[in-house]
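If you want the building blocks of each chain, they are given just below.
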Amino acid sequence: MKISVELTITPLHDDYEPAIIHFIKKLRASNLTVLENPLSTQVYGDYDEVMRVLTLEIKEAFELIERGLLYMKIVKSDRHDYEPHF
């Protein structure tokens, strides 16, 4: 089953950029399709593989920050090629 996941990680302290950059670089290094924009990171792929990678990388990201929030949306389909038609 293919899924699309949108992630926004928000550290609640100063000097947060290194942890965010590390998290995104780790996702890029996976075999998953990863797209980024200034507000979130999207990950696309097979459910089991996406969730395996996210479980590991979210835990590591949380270990690198003092306090933080993670917003995650999951869609059951691969939407990496979505283009609005308006």
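Structure's up top.
Counting of residues starts from 1 at the beginning of each chain's written sequence and follows it residue by residue. The predicted origin of the model limits local features to residues at a pLDDT of at least 70 and limits the giving and counting of side-chain atom pairs to 80 or more, whereas totals for whole chains, interfaces and linings rest on all residues. Here the side-chain values reflect all heavy atoms present in the structure, with hydrogen atoms and water set aside.

1. Quick look at the side chain of Gln-42
Helix and strand labels come from DSSP, where a helix needs a run of H or I of at least four residues and a strand needs a run of E of at least two; each type is numbered from the N terminus. Mapping Gln-42 onto the fold places it in strand E3 (residues 41–46). Any pair of nitrogen or oxygen atoms within 3.5 Å is treated as a polar contact; in protein, a donor-acceptor pairing is required on top of that, and neighbouring residues in sequence qualify only through side-chain atoms on both sides. At 2.7 Å, the side chain of Gln-42 and the side chain of Ser-40 are in polar contact. Two residues qualify as a contact provided that any one of their heavy atoms is within 4.5 Å of a heavy atom in the partner residue. Apart from the residues lying within four places of it in its own chain, the contact partners of Gln-42 are Val-5, Glu-6, Thr-33, Val-34, Leu-35, Glu-36 and Asn-37.

2. With respect to the side chain of Thr-41
Its location among the elements puts Thr-41 in strand E3. When neighbours within four sequence positions are excluded, Thr-41 is seen to be in contact with Val-5, Glu-6, Leu-7, Ile-24, Leu-27, Val-34, Leu-35 and Glu-36.

3. Structural notes on the pattern of salt bridges
Every case where a carboxyl oxygen of Asp or Glu lies within 4 Å of a side-chain nitrogen of Lys or Arg is listed as a salt bridge. On inspection of all chains with the given rule, the structure shows six salt bridges. Between Glu-6 and Lys-73 there is a salt bridge, and its shortest N-O distance comes to 3.2 Å. With a gap of 67 residues between them, Glu-6 in strand E1 (residues 2–11) and Lys-73 in strand E4 (residues 68–75) connect regions that are remote in the sequence. Here the term buried applies to any residue with accessible area under 20% of the maximum for its type, exposed to any over 50%, and partly exposed to those in between, with areas from a 1.4 Å probe on protein chains only. A relative accessible area of 55% places Lys-73 in the exposed class. The closest approach of N and O atoms between Glu-60 and Lys-26, which form a salt bridge, is 3.2 Å. You can see Glu-60 sitting in helix H2 (residues 47–64) and its partner Lys-26 sitting in helix H1 (residues 17–28), a full 34 residues away along the chain.

4. Here we look at the pairing of E3
Taken across its six residues, E3 has five buried, putting it largely inside the fold. DSSP-based pairing: two strands are paired if at least 2 bridges between them are found. As paired elements, E1 and E3 share six bridges and run antiparallel to each other. Its bridge partner being in E3, Leu-7 is matched across the sheet by Thr-41. Pairing analysis gives four bridges linking strand E2 (residues 33–36) to E3, with the strands arranged antiparallel.

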